[in-house]
Every structure is written in structure tokens, then in C-alpha cells.
Amino acid sequence: MKINEIPVILHSMDSYSRFWNPWYQLFNLHCKNHGPIIFLSEEKEPDFVNDVTHIKTGKGEWGERLLIALEQIESELVFYMQEDFWPCKQIDLSNMLDTFIEYGMDALRISEKSYLYNLEHIRDNLFKFSQKSNYLMTHQFSLWNKL
């Protein structure tokens, strides 16, 4: 699989629709070489609905709505993000897939260090979540193996 074949999932809820257009503009400006965009919302359609695949997940809890959508997406790898991640500089996806495969990862996240979770250093600027971390999940931009 090539990096530009991996779908980008934008997961949102209808009450956050005011953030959708700024997200879309900044993502297209700063993220090149990405795959098709799959936009998840409850019922509302984004203004850019003709440029994306839109999945309506219905009302419900975050995780339930995400599972509904993941069942409809054929790709085993996906980039996941939410509407409050606004890229403000170039995001280079080109080396993410090789690193993901090399380390047999379930998820590769692009995020800053945070007091919310504990990281273990792998190499250079590559870290992994420690099993002792309070959190093993972040909603930041991530490459996921959805299986």
C-alpha cells in the first residue's frame, strides 16, 4: 500500500460543524500526498461534501459512532483525526508508513510530549506510549491499523 492510498478519517460531531471548513482549508493547505478523505459526522453534511466520502454515523457515543464508520471502510490502515486538529505547518506523511511497518505498530501518532501520558524513547524523535501511562490513546493525527 502507498501512503497516498491510505484514507484520512476526519471524525466529528454535528455540534462542531463550525470547525469543519477551517479544518478542511488548513488540512488541504498543509497536508500533501494524502489519500481520500472520509468525513464522519452524525447527520449534517459538510460544505465540501462533494470532495470527500461522507459517512453519517447517527447520534451516539464517540466510540460507537467510530465503530459504525470503521466497519464501512475497507482499508486496514487509516489516518485518524478530529476536527480540532488544525495543521498549521506542513505534515510530511512520506516516512510514516515505513516506520509504522518497521516497528509493527498498531498506531503511529504525531503529537507533542504531554504530561498526560508517559513515553518511552525509541530513537531520534520516535517515542512509544509506556504501558504505565495513564492514557494510551490520543485524538491527535495518527496512522492506525484498524484490525
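Shown above is the structure to which this text applies.
Note that the structure is predicted; figures quoted are calculated from it, not measured.

Novice: What's the story with the packing of aromatic side chains in this structure? I'm lost.
Specialist: Each aromatic ring pair is summarised here by two numbers: the centre-to-centre distance and the angle between the ring planes. This structure, assessed with the given rule, holds ten aromatic pairs. Here the aromatic rings of Trp23 and Phe48 are separated by 6.4 Å at their centres, their planes lie at 40 degrees, and the arrangement is tilted. One end of the pair, Trp23, is in helix α1 (residues 20–30); the other, Phe48, is in the loop between β2 (37–41) and β3 (53–56), and 25 residues separate them in sequence. Judged by relative accessible area, Phe48 falls into the buried class, the value being 5%. Taken together, a centroid distance of 4.4 Å and an interplanar angle of 10 degrees make the contact between Tyr80 and Trp144 stacked.

Novice: Whenever I open this one, the state of the cysteines confuses me. Can you help?
Specialist: Where two cysteines share a covalent bond between their sulfur atoms, that bond is called a disulfide. Evaluation of the coordinates by the stated rule reveals zero disulfides. The thiol of Cys31 is unpaired, and the distance to the nearest cysteine sulfur, on Cys88, comes to 13 Å. The buried category is assigned to Cys31, whose relative accessible area is 1%.

Novice: Looking at this model, I keep getting lost on the sheet that holds β2. Mind explaining?
Specialist: The strands making up a sheet associate through backbone hydrogen bonding, with each pair oriented either parallel or antiparallel. Overall, mixed pairing links the six strands, which are arranged β3-β2-β1-β4-β8-β5 in an open sheet. Sheet topology places β3 and β5 (107–109) at the edges, where each strand pairs with a single neighbour. Each strand of the sheet is rotated relative to its neighbour by a mean of 25 degrees, with strand direction disregarded. Where strand β1 (residues 8–11) lies against strand β4 (residues 77–82), four bridges are found, and the strand directions are parallel. Within β4, the residue paired with His11 across the bridge is Gln82. On top of the sheet, α1 reaches β1, β2 and β4; it is set at about 165 degrees to β2, its chief contact. Docked against the sheet, helix α2 (residues 62–70) engages β1, β2, β3, β4 and β8 (142–145), running at close to 150 degrees with respect to β1.

Quick notes on the rules
- Residues numbered from 1 in each chain as written.
- Predicted model: local features only at pLDDT ≥ 70, side-chain atom pairs only at ≥ 80, totals over all residues.
- Heavy atoms only, no water.
- Phe/Tyr/Trp six-rings, centres within 6.5 Å; stacked < 30°, edge-to-face > 60°.
- Helix = DSSP H or I, 4+ residues; strand = E, 2+ residues; numbered from the N terminus.
- Buried < 20%, exposed > 50% of the residue type's maximum accessible area, 1.4 Å probe, protein only.
- Disulfide = S-S within 2.5 Å.
- Pairing = 2+ DSSP bridges.
- Axes fitted to C-alpha atoms, helices over the stretch in contact; angles between N-to-C directions.
- Contact = heavy atoms within 4.5 Å.

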